[in-house]
Amino acid sequence: MDVITAIEGRQSIRDFDASRAVSDDLIKSMLGTAARAPSGSNIQPWHVYVVRDELQRKITDACVERFLSGDEGEAEYHYYPRSWRQPYIGRRRETGFGLYGLLGIDKSDKAAVQGYRIRNYQFFGAPVGFFFTIDRDMEPGSWLDYGMFLQSLMLTARARGLETCAQAAFCPYHDSITPLINAPEQEMLVCGMSMGYPVAGSLINTYRTSRLTADAFTHFPS
Ligand SMILES: Cc1cc2nc3c(=O)[nH]c(=O)nc-3n(C[C@H](O)[C@H](O)[C@H](O)COP(=O)(O)O)c2cc1C
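Residues numbered from 1 in each chain as written. Predicted model: local features only at pLDDT ≥ 70, side-chain atom pairs only at ≥ 80, totals over all residues. Heavy atoms only, no water.

Peer 1: Please give an account of the UniProt feature "domain: Nitroreductase" (unreviewed entry) in the chain that cites residues and values.
Peer 2: With numbering matched to this structure, UniProt assigns "domain: Nitroreductase" (unreviewed entry) to residues 7–197. For residues 7–197, the helix share is 45%, the strand share is 15%, and the end-to-end C-alpha distance is 17 Å. (UniProt positions renumbered as here; feature names shortened; annotations may be inferred. Helix = DSSP H or I, 4+ residues; strand = E, 2+ residues; numbered from the N terminus.)

Peer 1: Describe the packing of helix H3 (residues 53–68) against helix H7 (residues 174–181), listing the residues and the values that go with them.
Peer 2: Put simply, H3 and H7 touch, their axes get as near as 10 Å, and they point 160° apart. Comparing the axis directions of H3 and H7 gives the class roughly antiparallel. Handedness of the crossing formed by H3 with H7: right-handed. Residues Leu 55, Lys 58, Ile 59, Ala 62, Cys 63 and Arg 66 of H3 form the contact with H7, whose own contacting residues are Asp 175, Ser 176, Ile 177, Leu 180 and Ile 181. Among the residues forming the contact of H3 with H7, the class breakdown is seven nonpolar, one polar and three charged. (Axes fitted to C-alpha atoms, helices over the stretch in contact; angles between N-to-C directions. Parallel < 35°, antiparallel > 145°, perpendicular 65-115°, else oblique. Left-handed = near helix turned anticlockwise from the far one by under 90°. Contact = heavy atoms within 4.5 Å. Nonpolar A, V, L, I, M, F, W, Y, C, P; charged D, E, K, R; others polar.)

Peer 1: Summarise the nonpolar core; cite the residues concerned and give the values.
Peer 2: With 27 residues, the main nonpolar core has Phe 132 and Phe 149 as its most contacted residues. Counting only elements with at least two residues in this core, the list comes to helix H2 (24–34), strand E2 (128–135), helix H6 (140–159) and strand E4 (187–196). A total of six residues in this core trace back to one element, the largest contributor, which is H6. Sequence-distant contacts of Phe 132, defined by excluding residues within four places in its chain, comprise His 47, Val 48, Tyr 146, Phe 149, Leu 150, Leu 153, Met 188, Leu 189, Val 190, Cys 191, Gly 192 and Met 193. Counting residues in hydrophobic clusters, the runner-up holds 21 residues, among them Tyr 121, Phe 123, Phe 124 and Ala 183. (Core = buried A, V, L, I, M, F, W, Y, C linked by side-chain atoms within 4.5 Å. Buried < 20%, exposed > 50% of the residue type's maximum accessible area, 1.4 Å probe, protein only.)

Peer 1: Quick one: what's the story with the state of the cysteines, residue by residue and with numbers?
Peer 2: The term disulfide refers to a covalent linkage connecting the sulfur atoms of a pair of cysteines. Inspection of every chain in the model, using the stated rule, returns zero disulfides. Free of any disulfide, Cys 191 has its nearest neighbouring cysteine sulfur in Cys 171, separated by 6.3 Å. (Disulfide = S-S within 2.5 Å.)

Peer 1: Please give an account of the pattern of salt bridges that cites residues and values.
Peer 2: A full pass over the atoms with the stated rule returns nine salt bridges. As a salt-bridge pair, Arg 66 and Asp 175 come within 2.8 Å of each other at their nearest N and O atoms. Pair noted here: Arg 66 is in helix H3 and Asp 175 is in helix H7, with a separation of 109 residues, a long-range link. In this structure, Glu 163 engages Arg 158 in a salt bridge whose closest nitrogen and oxygen atoms are separated by 3.1 Å. By relative accessible area, Glu 163 is classed as buried at 12%. Within this structure, Arg 66, Asp 71 and Asp 175 form a network of salt bridges that share partners. (Salt bridge = Lys/Arg side-chain N within 4 Å of Asp/Glu carboxyl O.)

Peer 1: A description of the pairing of strand E3 (residues 163–167) should follow, citing residues and the corresponding values.
Peer 2: The element E3 is largely enclosed, with a buried count of four among its five residues. Where E3 lies against E4, five bridges are found, and the strand directions are antiparallel. Each residue of the ladder has a partner; that of Glu 163, found in E4, is Gly 196. (Pairing = 2+ DSSP bridges.)

Peer 1: Residue-level account of the sheet that holds E4, with values.
Peer 2: What links the strands of a sheet is backbone hydrogen bonding, and the strands pair in either a parallel or an antiparallel sense. Taken together, four strands build an open sheet; the order of strands is E1-E2-E4-E3 and the sheet is antiparallel. Only two strands of the sheet have a single neighbouring strand rather than two, namely strand E1 (47–51) and E3. For this sheet, the mean angle separating the axes of adjacent strands, direction not counted, is 25°. Where E1 lies against E2, five bridges are found, and the strand directions are antiparallel. Directly across from Val 48, in E2, lies its bridge partner Phe 132.

Okay, here's the thing in structure tokens:
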């Protein structure tokens, strides 16, 4: 697969075939490729925790239990602006409404919304979950590096016939997750990721988000 096809065809997949395992060797090989991502001074600030089987189920159970009890948790960093404004809130709404609309979920239908959100904690059925952490004393430059690593992993997965969904949904429950994965106290959870083979014909997997054209965000100052 060439790189343009890998980038343009990537989309978040939210329904994976739980019965198709991904071998340790393949996981290690993909991570080795992703680690070719650049980082300032080549400091490579990523730590990766791979979860499957029993541990993956324990993480799902811990998150679902908290979620169903009404405990929304608290992430250790702010992913989004503290105060939403246009144009970002509009883009966010378009994405959320588009996904719920496709699935026929009415936002006022609490049970349906809950059911959808729980799928996040179930890794959307994926046989492999990842948790990515960063040392707390790293600065924003290393978070830039991290994004490159994550995108490299998602593209490498595509080249191997796999798909992914990055997941910040796990961050509010970091205090349940990090002890289960044995991440040391000096590391902070950046996000999770589901990876696997998509379920063919799954409606949710047809969801394709829009993008601005380059003209809308590019300036050629003279
Ligand atoms: C760091 C990161 C965290 C994300 N967290 C979630 C998540 O928790 N749950 C989810 O369903 N999608 C999550 N997404 C997927 C985004 O919603 C998705 O990338 C965006 O809507 C664009 O769609 P696309 O990935 O299909 O191109 C996340 C994406 C990124 C990059």
